[in-house]
Amino acid sequence: MSHGPSTQALSASATQRKIIHIDCDCFYAAVEMRDDPSLSRVPLAVGGDGGRGVLTTCNYQARAYGVRSAMPTAEARRLCPDLVIVPVNMARYREVSRQVMGFFRELTDLVEPLSLDEAFLDVSEVSEHKGSATLMARHLRQRVRDEVGITVSAGVAPNKFLAKIASDWDKPDGLFVIRPGDVAEFVAALPVEKLFGVGAVTAGKLHRMGISTCGDLRQQRPEVLVDAFGRQGYRLYEMAHGRDDRPVVISRDAKSVSVERTFAQDLPGRAACEALLPELALDLQQRLARKASEKAIHKLFIKIRYSDFSTHTLERVRDLSAVPQPEDYQPLLAELVQDSERPVRLLGLGVRFRNDRSPLQQLRLFD
């Protein structure tokens, strides 16, 4: 098992992918601290400061008090009375994101951004830096630190699933490497809570089956897991063996594009959802610019999953000649969320495209 950076390259075989996942550390807060160094000495959060405000992110000093993203501002202030809260500045964060993503694309065309502050890179065919994914990750981390003034954490692994786990292993400002030969041992010890899609409910069900680690999961027959969890059961079985064949995706002929976010702590209701619409809409705009610049938008849709895991989606025809803005989703949110105080676990926004190929020229602004 690897416990930190290494200069050795991953397997050079043609069938062995080399994937890097890079995640900016407390991105919005990091940008604010970069631009105002005095903020780096205090517990800091970014978000709404009103009575019904919600935090978007916070620095590590604030996290030491228990403050978390998606937390109501009032609760955060109870935990940390000295918390400094600054408003969201999406234009600035977007510009920094473009600069960071630009560094990634100078190294490889195979870049799959997941949001403004994280991305997968497939560097399997890159010969720079001695062909070592570890050296590439080290180079990118140093470049972001030197030229942007923030820190990022990176994970290097043979697939996307493991690379994402690795990037979170040594946060903040860390680099963790999982070599192909170490996958079996590393994954066996992983708690099931580390697996993608395993929340409190699924983890509880697994624990009741006597399954606490991926090593335990491996002892189950796939059909038993499928019976218990449906299609997710087979996915759990594959992840427990460290397998993930998903490629890094840079474009596809999609019928729809969406973004969604699951919150570690439930949003307290509709007002909190409204506060996050600008951030989600910007993520959606960037994904549209990457994946569907020649498609005309025909419908907007919004997705909600409540704390009881009930999921609801609403879509409306809304032919647009420009990329959707947060205010375009407010009527859908108001119609879908009738109970303004009901806790929300997941919020998503999306668009569906017309069947024809008529171009949406305005999206070219985001190229």
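For every chain, the first residue of its written sequence is number 1, and the numbers climb from 1 along that sequence. The predicted nature of this model means local features are confined to residues of pLDDT at least 70 and side-chain atom pairs, given and counted, to a pLDDT of 80 or more, with totals for whole chains, interfaces and linings taken over all residues. Water and hydrogen atoms play no part in the side-chain values, which are based on all heavy atoms of the structure.

> Could you give me a rundown of the overall build of the protein chain, with the residues and numbers involved?
Helix and strand definitions here come from DSSP, where helices need a minimum of 4 consecutive H or I residues and strands a minimum of 2 consecutive E residues; each element is numbered from the N-terminal end. Looking only at helices and strands, one finds 13 helices and 12 strands in the protein chain. Residue burial is assigned from relative accessible area. The probe radius is 1.4 Å, only protein chains are included, and a residue is buried under 20% of its type maximum, exposed over 50%, and partly exposed in between. Relative to its 367 residues, the protein chain shows a buried fraction of 50%. Approximately 16,700 Å² of the protein chain is accessible, and the part contributed by carbon and sulfur atoms is 48%. Note on areas: Shrake-Rupley with a 1.4 Å probe; residue coverage comes only from the protein chains shown.

> I'd like a description of the sheet that holds strand β2 (residues 44–47), backed by residues and values.
Two strands pair if DSSP finds at least two bridges between them. Strands sit in the order β3-β2-β4 across an open sheet of 3 strands; the sheet is mixed. Of all strands in the sheet, those with a lone pairing partner are β3 (55–58) and β4 (84–86), marking the two edges. Strand-to-strand, the axes of this sheet are offset by a mean angle of 30°, without reference to chain direction. The sheet contact formed by β2 and β3 spans 3 bridges and is antiparallel. Paired with Val46 across the strands is Thr57, a residue of β3. Between N-to-C directions, angles cover 0 to 180 degrees, with each direction set by a line fitted to C-alpha atoms, over the stretch in contact for helices.

> Run through the pattern of salt bridges, naming residues and quoting values.
Here, a salt bridge means any Lys or Arg side-chain nitrogen found within 4 Å of an Asp or Glu carboxyl oxygen. Tallied over the full model, the rule gives 23 salt bridges. Between Arg143 and Glu106 there is a salt bridge, and its shortest N-O distance comes to 2.8 Å. Of the two residues, Arg143 is situated in helix α5 (residues 133–147) and Glu106 in helix α4 (residues 90–107); the sequence distance between them amounts to 37 residues. Exposure remark for Glu106: the relative accessible area of 52% places this residue in the exposed category.

> Give me the lowdown on the packing of α4 against α5, citing residues and values where you can.
α5 packs onto α4 with a crossing angle of 150° between their chain directions and a minimal axis gap of 11 Å. Both α4 and α5 take part in a crossing whose hand is right-handed. Contacts between α4 and α5 pair Gln99, Val100, Phe103, Phe104, Glu106 and Leu107 from the former with Met136, Leu140, Arg143, Val144 and Glu147 from the latter. When grouped by side-chain class, the residues that make up the contact of α4 with α5 number 7 nonpolar, 1 polar and 3 charged. Note on convention: near helix rotated counterclockwise from far helix by under a right angle means a left-handed crossing. Clockwise means right-handed. Contacts are assigned to residue pairs with any non-hydrogen atoms lying within 4.5 Å of each other. Residues are grouped as follows: Ala, Val, Leu, Ile, Met, Phe, Trp, Tyr, Cys and Pro are nonpolar; Asp, Glu, Lys and Arg are charged; every other residue, Gly included, is polar.

> Please provide a residue-by-residue account of the packing of helix α1 (residues 27–35) against α4, values included.
One way to put it is that α1 packs onto α4 with a least axis distance of 10 Å and a crossing angle of 95°. One element, α1, and the other, α4, form an angle in the roughly perpendicular class. For the pair α1 and α4, the contacting residues are Phe27, Tyr28, Val31, Glu32, Arg34 and Asp35 in the first and Met90, Arg92, Tyr93, Val96 and Ser97 in the second. The cut-offs work like this: below 35 degrees is roughly parallel, past 145 is roughly antiparallel, 65 to 115 is roughly perpendicular, and the gaps in between are oblique.

> Now, about the environment of Met71: what can you tell me, with residues and values included?
Looking at where Met71 falls in the secondary structure, it is placed in the loop between α2 (60–63) and α3 (73–79). Note on Met71: relative accessible area 0%, which makes it buried. Residues Met71 and Thr57 lie 14 residues apart in sequence; the distance between their C-alpha atoms is 8.8 Å. Residue contacts for Met71: discarding those within four places in its chain leaves Gly53, Val54, Leu55, Gly66, Ala76, Leu79 and Gln265.

> Go over the environment of Cys273 with me, naming the residues and quoting the values.
Residue placement: Cys273 occurs in helix α12 (residues 270–291). Relative accessible area serves as the criterion here: at 0%, Cys273 is assigned to the buried category. If we ignore the near neighbours within four places in the chain, the residues touching Cys273 are Leu267, Ile304, Leu333, Val344 and Leu347.

> Report on the sheet that holds strand β10 (residues 297–306), specifying residues and quantitative values.
If you trace the 4 strands from one edge of the open sheet to the other, you get β9-β12-β10-β11, paired in antiparallel fashion. This sheet does not close on itself; its edge strands, each paired only once, are β9 (256–267) and β11 (311–317). Sheet twist, expressed as the mean angle between neighbouring strand axes with direction ignored, is 15°. In terms of strand pairing, β9 meets strand β12 (residues 344–353) through 8 bridges, oriented antiparallel.

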